[in-house]
Structure formats: structure tokens, C-alpha cells
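So the chains spell out like this:
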There are 2 protein chains.
Amino acid sequence: MGSRDAKNELFDALASVAKVLGNGRRAEIVDVLAQGERSVEELSSEIGQTVANTSQHLQHLLRAGLVDTRRDGTRIYYSLSSPSVSHLWGTIRQVAEEHIEHLEELATSYLGDRSTLTTMTRSELTDRLDAGDVMVIDVRPEVEFRAGHIAGATSIPVKELEERLDGLPDSRLVVAYCRGPYCVYADDAVRALGQRGIQAARLEEGYPEWQDAGLPVQTN
Amino acid sequence: MGSRDAKNELFDALASVAKVLGNGRRAEIVDVLAQGERSVEELSSEIGQTVANTSQHLQHLLRAGLVDTRRDGTRIYYSLSSPSVSHLWGTIRQVAEEHIEHLEELATSYLGDRSTLTTMTRSELTDRLDAGDVMVIDVRPEVEFRAGHIAGATSIPVKELEERLDGLPDSRLVVAYCRGPYCVYADDAVRALGQRGIQAARLEEGYPEWQDAGLPVQTN
DNA sequence: CTCATATTCAAGTAGATGATTGAATACTGA
DNA sequence: TCAGTATTCAATCATCTACTTGAATATGAG
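Everything in this summary refers to the structure shown in the same document. (Residues numbered from 1 in each chain as written. Chains lettered and ligands numbered in written order. Predicted model: local features only at pLDDT ≥ 70, side-chain atom pairs only at ≥ 80, totals over all residues. Heavy atoms only, no water.)

**Considering the overall build of chain A**
Stage number 1. When helices and strands are tallied, chain A shows 10 helices and 10 strands.
Stage number 2. The dimensions of chain A, computed from C-alpha atoms along their principal axes, are 65 × 45 × 35 Å.
Stage number 3. By the burial criterion, 53% of the 220 residues in chain A qualify as buried.
Stage number 4. Considering only contacts within chain A whose residues lie at least 6 apart along the sequence, 65% involve residues at least 24 apart.
Stage number 5. The positive charge centre, built from 23 side chains, and the negative charge centre, built from 35, are 5 Å apart in chain A. (Helix = DSSP H or I, 4+ residues; strand = E, 2+ residues; numbered from the N terminus. Buried < 20%, exposed > 50% of the residue type's maximum accessible area, 1.4 Å probe, protein only. Contact = heavy atoms within 4.5 Å. Lys, Arg positive; Asp, Glu negative; His and termini not counted. Charge placed at Lys NZ, Arg CZ, Asp CG, Glu CD.)

Right under this line is the structure:
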């Protein structure tokens, strides 16, 4: 009791949770799984890796207890084992934003220049939802919308945005959201709408953060 | 924009925060620094590693932006660069407790059997502090008490406990706390007091968690 | 039963990590 | 200025990690 070896083992075990999230590809996997369950193949194309490699990353996450699996026919679906995993990933991102000085550059080179985008915080959006003077659109792929979305949002995947411009108001502000702060979909949507003269803004964060904050969601 | 390489770099950078905490020795360092600043030598003896090795771990933490340094004469003091780092470490521990199934065994083999210890949650303690029917003792080394402690607590480092039994009440409950849930000091104190017929309990968590929860603290 | 498909496993390799050792650097006090 | 102490640096080595490749396993459709 109180021995150095036992202490090392204990802290190694605690740190193992961080270790498994300490890889960019696994972090991406968790980021996607925060939107809902996915098969190995779907994940592999999301993260741009071979299926075999993706499977190995998933084994790491599984051994650490951060994901669960479910078999459906020949497919195996992975999901986060609890909302606290998504919360942890959010906390990691937050600390990274606060302490990694060149992060903004990296974000810009992936997402493009965001400085001209109108953004909205969660609390602003809740206020304006109460007031009823905004339309909220969920621009993620429809599966993700179906797995859970902000209460009152309409599903308009970015890919279908062009064909569905009719349904959008020209008087009310349109607020787009997607997977999270490092997701391109909402950026693309806001830019596209702006070019067509529709007033649009992006929610700063995405669905998982909204849910984690305990704000009203809708799951089917 | 939207390229795979840029996305990889971005997520690698986000994951780097987790990576640096994904080592047991560095996790221990953060755990200690959550109590206040420390010199390299102090840290090296805390984590049972050579000074050179400890220094290298500290360089990792420094490069990731998680710690700051301050020189005082020949010594260099390291501290957490913000409270959010301590918060992140707490979140990691929480997820580990929730998802690593053999963690309790590891904790028991380091801390001994805790099942007989009376414990108290933060909210219980705040209630009883309001009621005024408990005495709270901070059993960490006195430097840590001086760096910050629960408002109203008395400093009685475990090492001095024997000599200071006189100052303890025999009518009121004594609540001991220390660095955090994986710290032995409060366990040792509660056991020692119990053997002397003094009613004692340990606060489930420690000072950093109390502070992170926004509860009243006192810093000098 | 056989074939196609999804996933996992196993082996191999380049590169990263953590610990050790001994030397170099930086500051203090005499 | 010089000796003493705290910290960092550099080189080394065993081990681990991430990815690749190709084969093995498991399920469902026909």
C-alpha cells in the first residue's frame, strides 16, 4: 500500500484514457461517433484510412472502454460508450484551443478563412429560438439528423442545399449547425446562402456540444 | 481547404493535448501541480523518477502549453498554465473511473481497502459547513495549504497529526481532505483518528476538485 | 453449400517514446 | 572569479506505435 509500483500502475491506468485519445485518427473517430453509431467501413472513409487500420484503432478504443459495438448482419456498428466520452473530447478541444498557439492557423488551413462568417453562440441561439425569429437548419448528413438533433431544427444536408433553397425564408435569419466547431458543413452552408442573398449564420459549436450542455434535443 | 492533410494536422494538434497527458508519470506531475507550483527536483521525488527524466517530461508539458515556468534563483518552478488543465485532468479521471473496469483493483492495491472509511461528498460538506457542525482539516503538506485551501479549513499535515490531536474536537465530526481521490493522506488521517476514538470522515475528492466546482476557497 | 462482403487478425517495418547516463549550462553565494 | 547546485541537453537503447499487406473469420444472400 502506497508503493511506487502500485501508484505507477494506477496512474498509468488513469492516463490510458488520455493516451487512447492522443492520436489524431482516433480523435477523429470519436468526433464522428459523437454524431451517432457508425460501421467500420463508414468510419474508415470518414478518417481516410484503410479498413484494417481503422479496425485496429477501434480495438484500441474498445479496450479502453470508450466505445461499444453492436452487430447487425455482417456489419459491426461502433458507438461511444457514454455521453461522458463526448464531453471529454470537448474538454480536450477546449484546452487545446486555449493553450496551443498555432491551432488557429491549422484550423484556417483546413476550414478556410472564417473571419467573415457570422457566428452565434449557444445562448444567443436559445434566446432567439424562444423569440421565434430564426430558422435552424441541420446541415449534417440525414442519418446524423435522425440520430438526434437540436429541437426544432430542419434537416437540410449541405449536399441538398441547392435544391432546397425554396423552403428557406428571406425574412428570418437562417442558423446552420453541424458536427462541431471543426466541421466544414455549416461553414459551406452559410457561405452558399450568403451568396444567394439569404441572411445566414453558423452556430459556433455543433450538435454534441448542444446536447452536452443539456439544451433541448430531439431523438427519434 | 477541406484537404485530408490539413484535417490530419488539425486533429493531430487537438489530440496532442491528450497525448501529453497519456503518460502515467506526466499525469502524476499534473496531479501534483494542481496543488500548486513545484521545482523540478520536488517533482522528481514526487513521481519517483530521476531529475533528468522529470525535466524531459516537463518539457513535453511545456511544449504542449499545459504548464508555465518561473525562475527563482537557481530553481525553476513549474505550474499549470490555467485551471482548465486541472479540470481536464479531473474529466479524464472521471471517464477512467466510469469505463476502466479493473481501476478499482488498482486503486485498492495502492490505497488499501477503502470500504470501511466514512466518506462525504462535496455537497454534504457544504451543507454541514453551513450548519457549522464539522471541523475540516487539510492534511496535505503545509506548502500546499498555503497555496490555497478550502475556506475555513485548518492545516494539519498528516505527519504532524499525532502531535496535534489536542486541537481536535471529540464532539464534532472531523472531515479530512487532501489532493484528490487518489491521494493517501486523508485516508491515513481518517484511519489514525478513528483508532483514537475521534469521529472522522474523508472528503471524497480533494482541493482541486473543490476549487474547480467553484466552491469557497482561501488563498494567501 | 457456396460466394460475396464486412471485419478482424497476424506479420513486418519505419519511426516515436521513455528511461538511463554523463556532460553542458545557468545562476548563487563566497 | 570560483565552487556548488539546479536544470537541461545529447546520445543511446529497448520498447511501443501506426500503418501496410495479405490472410483468416463470420455472416447473409442466393
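**Considerations on the side chain of A:Ser82**
Stage number 1. Position of A:Ser82 relative to the elements: it lies in the loop between strand 3 (75-80) and helix 5 (83-99).
Stage number 2. Of note is the side chain of A:Ser82, whose polar atom sits 2.7 Å from the side chain of A:Ser84.
Stage number 3. Apart from residues lying up to four places away in sequence, A:Ser82 is in contact with B:Glu98 and B:His99. (Polar contact = N/O pair within 3.5 Å; in protein donor to acceptor, adjacent residues only side chain to side chain.)

**Quick word on the interface of chain A and chain B**
Stage number 1. Counting residues at the interface gives 57 residues for chain A, matched by 57 residues for chain B.
Stage number 2. Of the roughly 4800 Å² buried between chain A and chain B on both sides combined, carbon and sulfur atoms contribute 67%.
Stage number 3. Sorting the residues of chain A by area buried against chain B places A:Phe11, A:Leu14 and A:Tyr110 first, and these three jointly supply 15% of that buried surface.
Stage number 4. Linking chain A to chain B there are 6 salt bridges. (Buried area = accessible area lost by both parts, 1.4 Å probe. Salt bridge = Lys/Arg side-chain N within 4 Å of Asp/Glu carboxyl O.)

**Observations regarding the pairing of strand 8 (residues 173-177) of chain B**
For a regular strand, side chains alternate in direction, first toward one face of the sheet and then toward the other.
Residues and elements named next belong to chain B.
Stage number 1. Among the 5 residues that make up strand 8, 5 are buried, leaving the element largely enclosed by the rest of the structure.
Stage number 2. As paired strands, strand 5 (residues 134-138) and strand 8 are joined by 5 bridges and run parallel to one another. Each bridged residue has a counterpart across the sheet, and for isoleucine 137 the counterpart in strand 8 is alanine 176.
Stage number 3. For the segment spanning strand 8, helix 9 (residues 185-195) and strand 9 (residues 200-203), crossover handedness is right-handed. (Pairing = 2+ DSSP bridges. Right-handed = clockwise from strand over helix to strand, strands pointing away.)

**Description of helix 2 (residues 24-33) of chain A**
Stage number 1. Most of helix 2 of chain A sits inside the fold, with 10 of its 10 residues counted as buried.
Stage number 2. Near the N-terminus of helix 2 of chain A, the side chain that reaches the backbone nitrogen of A:Arg25, with its oxygen 2.9 Å away, is that of A:Asn23.

**Focus: the protein's contact with DNA strand C**
Stage number 1. Neighbouring residues of DNA strand C: 24 residues in total, closest A:Glu41, A:Ser55, A:Tyr78, B:Gln56 and B:His57.
Stage number 2. Take the atoms of DNA strand C that sit within 4 Å of the protein: sugar and phosphate atoms are 78% of them.
Stage number 3. In this structure, a phosphate oxygen belonging to DNA strand C sits 3.1 Å away from a side-chain N or O atom of B:Lys19.
Stage number 4. In the model, a phosphate oxygen of DNA strand C is placed 3.0 Å from a nitrogen or oxygen of the B:Asn23 side chain. (Near = heavy atom within 4 Å.)

**Brief notes about a negative patch on the surface**
Residues and elements named next belong to chain A.
Stage number 1. On the surface, Glu97, Glu98, Glu101, Glu104 and Glu105 cluster together to form a negatively charged patch.
Stage number 2. Contributions of two or more residues to the negative patch are made by helix 5 and helix 6 (103-111).
Stage number 3. Structurally, glutamate 104 is set in helix 6. (Patch = residues over 30% accessible without salt bridge, like charges linked within 9 Å, V, L, I, M, F, W, Y side chains within 5 Å. Areas by Shrake-Rupley, 256 points an atom, 1.4 Å probe, with all protein chains shown as cover.)

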